[in-house]
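Close look at the chain arrangement
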Amino acid sequence: MKKFTNLDDFIGTHFIYTYDNGWEYELYVKNENTIDYRIHGGMVAGRWVKNQEVSLVMLTEGIYKIAWTEPTGTDVALDFLPNEEKMHGMIFFPKWVEEHPEITVCFQNDFIELMHESREKFETYPKYLVPEFAKITYVGKAGKNNDDVVA
Ligand SMILES: C=Cc1ccc(O)cc1
């Protein structure tokens, strides 16, 4: 039986998923235009972010897209198919993040100025594109605007 049918089913959901390249991410759909996330494995493991503003839509029943641009200059587009326990991520890293990932490994909210300085100081192009499917390994209902999920 389908669990996700409308936008309200998606908002307030807490996901953990592992990309086919082994990178593990945790993402909480905080409300209609905000996410929190933490990166557990991969190039920038240890990075975490709260209150990232995003564009969030349901494309068709049970299929959702989240897209945003970060203070680092990284662009991200994610498609979630939670009823199939899978998602697809497309990450567009600026060249500087690929060359200096350690600068971005932090609680970004406390280092916004450093991200802005770094994106000016270092190179943007060519971008490093990471298109990957992921298996969703955890789905939890955390409610809206819960600050204890990614904390
Ligand atoms: C760069 C951030 C980011 C957050 C979640 C995700 O699945 C991919 C990238």
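Residues numbered from 1 in each chain as written. Predicted model: local features only at pLDDT ≥ 70, side-chain atom pairs only at ≥ 80, totals over all residues. Heavy atoms only, no water.

Side note on the site of the ligand
- By nearness alone, every residue bordering the ligand is listed as Tyr17, Tyr19, Tyr25, Tyr37, Trp68, Glu70, Val76, Leu78 and Ile91.
- Contact distances for the ligand include 2.6 Å between an oxygen atom and a side-chain N or O atom of Tyr17.
- Separating an oxygen atom of the ligand from a side-chain N or O atom of Tyr19 is a distance of 2.5 Å.
- Here the ligand has 270 Å² of accessible area as a free molecule, and 99% of this is covered by the chains.
- Those elements giving two or more residues to the shell around the ligand turn out to be β1 (13-19) and β7 (75-81). (Near = heavy atom within 4 Å. Polar contact = N/O pair within 3.5 Å; in protein donor to acceptor, adjacent residues only side chain to side chain. Areas by Shrake-Rupley, 256 points an atom, 1.4 Å probe, with all protein chains shown as cover. Helix = DSSP H or I, 4+ residues; strand = E, 2+ residues; numbered from the N terminus.)

Some thoughts on the pattern of salt bridges
- Inspection of the entire model under this criterion finds 12 salt bridges.
- A salt bridge links Arg47 to Glu70, with the nearest nitrogen and oxygen atoms 2.9 Å apart. Of the two residues, Arg47 sits in the loop between β3 (34-39) and β4 (48-53) while Glu70 sits in the loop between β6 (63-69) and β7, which places them 23 residues apart along the sequence.
- On the basis of relative accessibility, which here comes to 3%, the residue Arg47 falls in the buried class.
- Exposure remark for Glu70: the relative accessible area of 6% places this residue in the buried category.
- Ionic contacts of the salt-bridge type, sharing partners, join the residues Lys30, Asp36, Lys50 and Asp147 into one network. (Salt bridge = Lys/Arg side-chain N within 4 Å of Asp/Glu carboxyl O. Buried < 20%, exposed > 50% of the residue type's maximum accessible area, 1.4 Å probe, protein only.)

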